[in-house]
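Structure assessment
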Amino acid sequence: MAAERHGLELHSLVTEEGTLRITLDPVPLAEPGPGELLVRVEAAPVNPSDLGLLFGPADMATLRREGDALIADVPLDRLPAVAGRIGKPMAVGNEGAGTVVAAGPDLQHLIGRKVGMIGGSMYAQYRRVALADSLLLPEDAAAAEGASLFVNPLTALGFVETMRAEGHSAIVHTAAASNLGQMLVRICKADGVPLVNIVRSPAQVALLRDLGAEHVLDSSSPDFDAQLVEAIAATGATIAFDAIGGGTQGGRILAAMEAVAARSLKSYSRYGSDSFKQLYIYGMLDVGPTVIDRHFGFAWSMGGWLLFPFLRKAGAETVARMRARILAEFRTTFASTYTATIGLADLLDPEVALASQRKGTGEKYLVDPSR
Ligand SMILES: NC(=O)c1ccc[n+]([C@@H]2O[C@H](COP(=O)([O-])OP(=O)(O)OC[C@H]3O[C@@H](n4cnc5c(N)ncnc54)[C@H](OP(=O)(O)O)[C@@H]3O)[C@@H](O)[C@H]2O)c1
């Protein structure tokens, strides 16, 4: 019976002495109740946000294996920022997919079916999940195809919803060769939304052009800022979503938007244009300070953008529409790529941990805890 089952689950613990300890521990599995499924997890991506919880404030240069645990030192001055998790083993893995092995009395017909899931604790052999937090996959789908159908797809769709809701008509996107960025390229192409993609290498420019992206700029190119102004002029973009966070990129986008707006000013104003510009920071690929050189007037705003508050604000009808589209296009618009599939225990390998921490294009790992 499911009530007697145990399964391994990955935990990340930060101690008050300044040690990060990642372990695989047996946890009891409760019988699924009404409206619940017990799923054997067969695929879960290692997303950038998972890495934040997995390794937290650790000094990655000190990563080492001690017995069954992956260990790293946490500099003591970084502990206050994670005070809320000290001494509490954290389960990791935002989303995943697998096969239903047990179900509440009302959901027995789903046993044997594959589902995508959201809600945390996916780096585990089994996950009990509410039906509402799952997506029933077609009979012929592989678990790997359902592993990443929540976080990035809903976020990419959320950007377009946010653009429309806030009265903008085109988007600037950074770190645009990411899995999420590639989804956004396909969405915007299908929906006729002009999109300016910012990447940081010629290889990434080629990747996005192959997907059919029209405006792709390489931030490492010497005339990047001038190209950015022209791409914004061509698209009319007044909203930007920035996954980098640290450094100057966000401020340079706002400056380029203002440079375009200033072209249609009838007379000079020392306060800048009235054209409202919005920058949303939604990632921390660069954890350094955000540097904003405010030479773009006063008609601008900068804020954070996070998926779950957005979903709450968007409401049930919008979320249902987004989920239906994700399911209909899971093999095309919302497909993700991975560098390799690894087992749960491989996450405790210092080499794998360091490689995943790079967050490079096409370098994401997929974990299959059923291995
Ligand atoms: N706020 C939210 O609710 C939310 C939801 C979903 C995702 N996200 C964020 O979305 C971003 C993309 O996620 P993903 O899963 O699609 O990522 P991914 O597939 O792992 O790709 C990461 C991309 O970021 C680039 N990158 C890494 N460090 C960079 C830096 N310092 N400056 C510029 N580019 C850098 C990489 O390019 P290189 O090859 O050049 O390194 C790569 O193209 C992440 O930041 C994630 O945290 C946020």
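Residues numbered from 1 in each chain as written. Predicted model: local features only at pLDDT ≥ 70, side-chain atom pairs only at ≥ 80, totals over all residues. Heavy atoms only, no water.

1. Quick notes on the overall build of the chain
So the rule is basically this: Secondary structure is summarised from DSSP: a helix means a run of H or I of at least four residues, a strand means a run of E of at least two, and numbering begins at the N terminus for each. Radius of gyration means the value over C-alpha atoms here, while the globule rule gives 2.2 Å times the residue count to the 0.38 power. Between buried and exposed lies partly exposed: a residue is buried under 20% and exposed over 50% of the maximum accessible area for its type, with that area taken using a 1.4 Å probe on protein chains only. Should any heavy atoms of two residues lie within 4.5 Å, those residues are counted as being in contact. Each accessible area value is a Shrake-Rupley result obtained with a 1.4 Å probe; residue values ignore everything except the protein chains displayed when judging cover. In this count, Lys and Arg are taken as positive residues and Asp and Glu as negative ones, while His and the chain termini are left out. Charged groups are reduced to one reference atom each: NZ for lysine, CZ for arginine, CG for aspartic acid, CD for glutamic acid.
Broken down by element type, the chain carries 10 helices and 20 strands. Computed over the C-alpha atoms, the radius of gyration of the chain is 22 Å, within 12% of the 21 Å expected from 2.2 N^0.38 for a compact globule of 371 residues. Expressed as lengths along the three principal axes of its C-alpha atoms, the size of the chain is roughly 75 × 50 × 35 Å. When the 371 residues of the chain are sorted by exposure, 51% land in the buried category. Residue pairs at least 24 apart in sequence account for 72% of intrachain contacts in the chain once pairs closer than 6 positions are excluded. Accessible area of the chain: about 16,700 Å², with a carbon and sulfur share of 54%. Placing the 33 positive and 41 negative side-chain charges of the chain at their respective mean positions leaves the two points 4 Å apart.

2. Examining the pairing of strand β14 (residues 239-242)
Moving residue by residue along a regular strand, the side chains alternate between the two faces of the sheet. The following threshold applies: In this analysis, strands are considered paired if DSSP registers two or more bridges between them.
Of the two faces of β14, the one carrying I239 and F241 and the one carrying A240 and D242 are both buried. Two elements, strand β11 (residues 171-173) and β14, share 3 bridges in a ladder whose sense is parallel. Bridging across to β14, V172 finds its partner in A240. In terms of strand pairing, β14 meets strand β16 (residues 277-281) through 4 bridges, oriented parallel. Note that in β16 the partner of F241 across the bridge is Y280.

3. What to know about the environment of R21
Relative to the helices and strands, R21 resides in strand β2 (residues 19-28). Exposure remark for R21: the relative accessible area of 36% places this residue in the partly exposed category. For the pair R21 and D191, spaced 170 residues apart in the sequence, the C-alpha separation amounts to 45 Å. Those residues in contact with R21 that lie beyond four places of it in its chain are H11, S12, L13, A69, L70 and I71.

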